[in-house]
Amino acid sequence: MSAYPAYTMGALCIVGGVSGYARTRSVPSLVAGVGVGLLFLWSADVIRKGAPNGLEGALGASALLLLSSLPRITKGPVPLVLAATSSAAGVYYGTKVYNLRN
C-alpha cells in the first residue's frame, strides 16, 4: 500500500495553511492546514509501517478536507483545487479500504 499520496497531501496542506496565514493572517487557514496536513502525515507514516488504521486516517483526512472545501468551491481556484485533490485522495484511499475489507 502506498503512503505517497498521503505524504504529498500532508505537505501540500501544511504549505497551504502556512501560506494562507502569511498572505492574509488567517488563523483558521493555519490551524486547518497544519491540522489536516499532520493527520495526512500521521496516516502516511502508519501506512508505511503497516500498522492498522493508516488507510482510514487518510480517508478521514480526505473527507474532512473535501467537506471544508465544498462550501467555498465557487470563491476561487484554491478551494477548487483543494476539493479536487481531496476527492482524488478520497477515492484512492476509499478504494484501498474497500478492497481491504472485501
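Predicted model, so just to flag it, every value in this text is computed and none were measured. (Residues numbered from 1 in each chain as written. Predicted model: local features only at pLDDT ≥ 70, side-chain atom pairs only at ≥ 80, totals over all residues. Heavy atoms only, no water.)

Asks: Explain the packing of helix α3 (residues 54-69) against helix α4 (residues 77-101) to me, please; I cannot follow it from the model alone.
Replies: In a packed pair of helices, the relevant descriptors are the angle between the two axes and the axis-to-axis distance. One can describe the packing of α3 onto α4 by two numbers: an axis separation of 8 Å at closest approach and a directional angle of 150°. Considering their axes alone, α3 and α4 lie roughly antiparallel with respect to each other. Seen along the crossing, α3 lies across α4 with a hand that is left-handed. For the contact of α3 with α4, a count of residues per class yields 12 nonpolar, 6 polar and 3 charged. (Axes fitted to C-alpha atoms, helices over the stretch in contact; angles between N-to-C directions. Helix = DSSP H or I, 4+ residues; strand = E, 2+ residues; numbered from the N terminus. Parallel < 35°, antiparallel > 145°, perpendicular 65-115°, else oblique. Left-handed = near helix turned anticlockwise from the far one by under 90°. Nonpolar A, V, L, I, M, F, W, Y, C, P; charged D, E, K, R; others polar.)

Asks: So what exactly am I meant to see when it comes to the nonpolar core here?
Replies: For soluble globular proteins, nonpolar side chains are generally found buried alongside one another. Ranked by internal contacts, the top residues of the largest apolar core, which has 15 residues, are Ala6, Val36, Phe40, Ile47, Leu65 and Tyr93. Only α1 (4-24), α2 (27-49), α3 and α4 provide two or more residues apiece to this core. (Core = buried A, V, L, I, M, F, W, Y, C linked by side-chain atoms within 4.5 Å. Buried < 20%, exposed > 50% of the residue type's maximum accessible area, 1.4 Å probe, protein only.)

Asks: How should the packing of α1 against α4 be read in this particular structure?
Replies: Where α1 contacts α4, the axes come no closer than 11 Å and their chain directions differ by 155°. In terms of axis orientation, α1 runs roughly antiparallel to α4. The handedness of the crossing between α1 and α4 comes out as left-handed. Where α1 approaches α4, its residues Pro5, Ala6 and Met9 are matched on the opposing element by Thr85, Ser86, Ala89, Tyr92 and Tyr93. Looking at side-chain class alone, the contact of α1 with α4 contains 6 nonpolar, 2 polar and no charged residues. (Contact = heavy atoms within 4.5 Å.)

Asks: How should I be thinking about the side chain of serine 69 in this particular structure?
Replies: The residue serine 69 is located in helix α3 in this model. Within the structure, serine 69 has its side chain in polar contact with the backbone oxygen of leucine 65 (distance 2.8 Å). (Polar contact = N/O pair within 3.5 Å; in protein donor to acceptor, adjacent residues only side chain to side chain.)

Asks: Can you walk me through α1 in this structure?
Replies: Spanning 21 residues, α1 covers 30 Å between terminal C-alpha atoms, matching the ideal 30 Å at 1.5 Å per step. For α1, the full list of buried residues reads Ala6, Met9, Gly10, Cys13, Gly17 and Gly20. Taken down its axis, α1 places every buried residue within 105° of arc, on the same side. Exposed side chains of α1 directed beyond 90 degrees from the buried face belong to Tyr4, Leu12, Val15, Ala22 and Arg23. Buried-residue contacts for α1 involve α2, α3 and α4. Following α1 by one or two positions, arginine 25 has its phi on the positive side, about 60°. (Expected span 1.5 Å × (residues − 1). Arc of directions from axis to C-beta.)

Asks: I'm lost on the environment of glycine 35 in this one. Help?
Replies: Relative to the helices and strands, glycine 35 resides in helix α2. For glycine 35, a relative accessible area of 38% puts it in the partly exposed group. Here the alpha-carbon distance between glycine 35 and proline 77, two residues 42 residues apart in the chain, equals 21 Å.

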